[in-house]
Amino acid sequence: MQPIDYPKALGTAVLVLALNMLVTTAAIFAWSLLVDPGHEAAYYQAGAPKIAALTAPLGGAALLCLASWVLGRRRPGRHALLFAATIWAAYAVIDIAVGLPMATPAQLFTPVFAVSLGAGLLASLIGGSLAARRDAAAG
């Protein structure tokens, strides 16, 4: 990887995290309007963490896979798997850095969080592997 690829991976991680938050918010909003309408705001505020616990890990993994695949294909000379791992590492660091001011380490570092980050790593590497496979077939 070139030195410029590291800031690109960081920017991609920020974008993926922001998109994942947007997708999670949209899922909570859709739930409140389409699945279970007619309650007071406190009801939805209480249910939002449960919805987020389902959608955020899935959304993060899907977005990491997609980003790693798309960006891994854009530059055939770039090591797609290393780039995918770098995107994930930046994503994990940012996710932890954003979470720590809002929760204690014991509240943040849960088995669910570990599974979420593990799924994100696996998905990112799958995207990078698919990109590398395409590069190998084309080259």
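You'll find the structure just up there.
Sequence positions are assigned chain by chain, starting from 1 and proceeding in written order. Local features in this predicted model are restricted to residues of pLDDT 70 or higher, and side-chain atom pairs are both shown and tallied only at a pLDDT of 80 or more, whereas totals for entire chains, interfaces and linings draw on every residue. Only hydrogens and water are set aside; all other atoms, that is, all heavy atoms of the structure, feed into the side-chain values.

Q: Quick question: what am I supposed to make of the overall build of the chain here?
A: The number of helices and strands found in the chain is five helices and zero strands. Runs of E in the DSSP output that reach at least two residues are strands. Runs of H or I that reach at least four are helices, and both are numbered from the N terminus. Helices and strands in the chain line up, N terminus first, as α-α-α-α-α. If you line up the chain on its principal axes, its C-alpha atoms span 60 × 35 × 25 Å. Looking at the chain as a whole, 35% of its 139 residues qualify as buried. Residue contacts are defined here by distance: any two heavy atoms, one from each residue, within 4.5 Å place the two residues in contact. Counting only contacts in the chain whose residues sit at least 6 apart along the sequence, the fraction spanning at least 24 positions is 77%. Of the roughly 8100 Å² of accessible surface on the chain, a fraction of 74% belongs to carbon and sulfur atoms. In summary, the charge assignment counts Lys and Arg as positive and Asp and Glu as negative, without counting His or the chain termini. Charge positions are represented by NZ for Lys, CZ for Arg, CG for Asp and CD for Glu. Considering the chain, the positive charge centre built from 8 side chains and the negative charge centre built from 5 side chains are found 17 Å apart. Relative accessibility thresholds used throughout: buried, under 20% of the residue-type maximum; exposed, over 50%; partly exposed, between the two (1.4 Å probe, protein chains only). For the area figures, the Shrake-Rupley method with a 1.4 Å probe applies, and any residue is considered shielded solely by the protein chains shown.

Q: Just checking my understanding: could you explain the packing of aromatic side chains for this structure?
A: By convention, a stacked pair of Phe, Tyr or Trp rings (six-membered ring in the case of Trp) has centres within 6.5 Å and planes under 30 degrees apart, an edge-to-face pair has planes over 60 apart, and any other such pair is tilted. Enumeration over the complete set of coordinates arrives at four aromatic pairs. Each ring, one from W31 and one from Y44, has its centre 5.4 Å from the other, and the planes form 85 degrees; the classification is edge-to-face. Residue W31 is located in helix α1 (residues 5-35), and its partner Y44 is located in helix α2 (residues 41-74); the two are separated by 13 residues in the primary sequence. Classification of Y44 as buried rests on a relative accessible area of 14%. In this structure an aromatic cluster arises from ring pairing among W31, Y43 and Y44. Positioned above the aromatic ring of F83, the side-chain terminus of R78 is 4.0 Å from the ring centre. Comment: the charge-over-ring label is applied if NZ (Lys) or CZ (Arg) is within 6 Å of the ring centre and within 35 degrees of the ring normal.

Q: Sorry if this is basic, but what is going on with the environment of A80 here?
A: Note on placement: A80 falls in helix α3 (residues 80-99). Its relative accessible area of 5% is what places A80 among the buried residues. Taking C-alpha positions, A80 is 8.7 Å from L130, a pair spaced 50 residues apart along the chain. Among residues more than four places away in sequence, those in contact with A80 are G72, G128, A131 and A132.

Q: Quick question: what am I supposed to make of the packing of α1 against α3 here?
A: To characterise two packed helices, one gives the angle between the axes of the helices and the distance between these axes. Fitted lines through C-alpha atoms serve as axes, helices being fitted only where they are in contact, and the angles separating the N-to-C directions of these axes extend from 0 to 180 degrees. Contact geometry for α1 and α3: axes closest at 8 Å, N-to-C directions at 55 degrees. In terms of orientation, α1 lies oblique with respect to α3. The hand of the α1/α3 crossing is right-handed. In this structure, α1 contributes D5, Y6, K8, A9, L10, T12, A13, V14, V16, L17, N20 and M21 to the contact, and α3 contributes F83, T86, I87, A90, Y91, I94, D95 and V98. Angular relationships are summarised with four words: roughly parallel below 35 degrees, roughly antiparallel beyond 145, roughly perpendicular across 65 to 115, and oblique for the angles in between. Crossing handedness is defined as follows: a turn of the near helix away from the far one that is anticlockwise and smaller than a right angle gives a left-handed crossing, while the clockwise case is right-handed.

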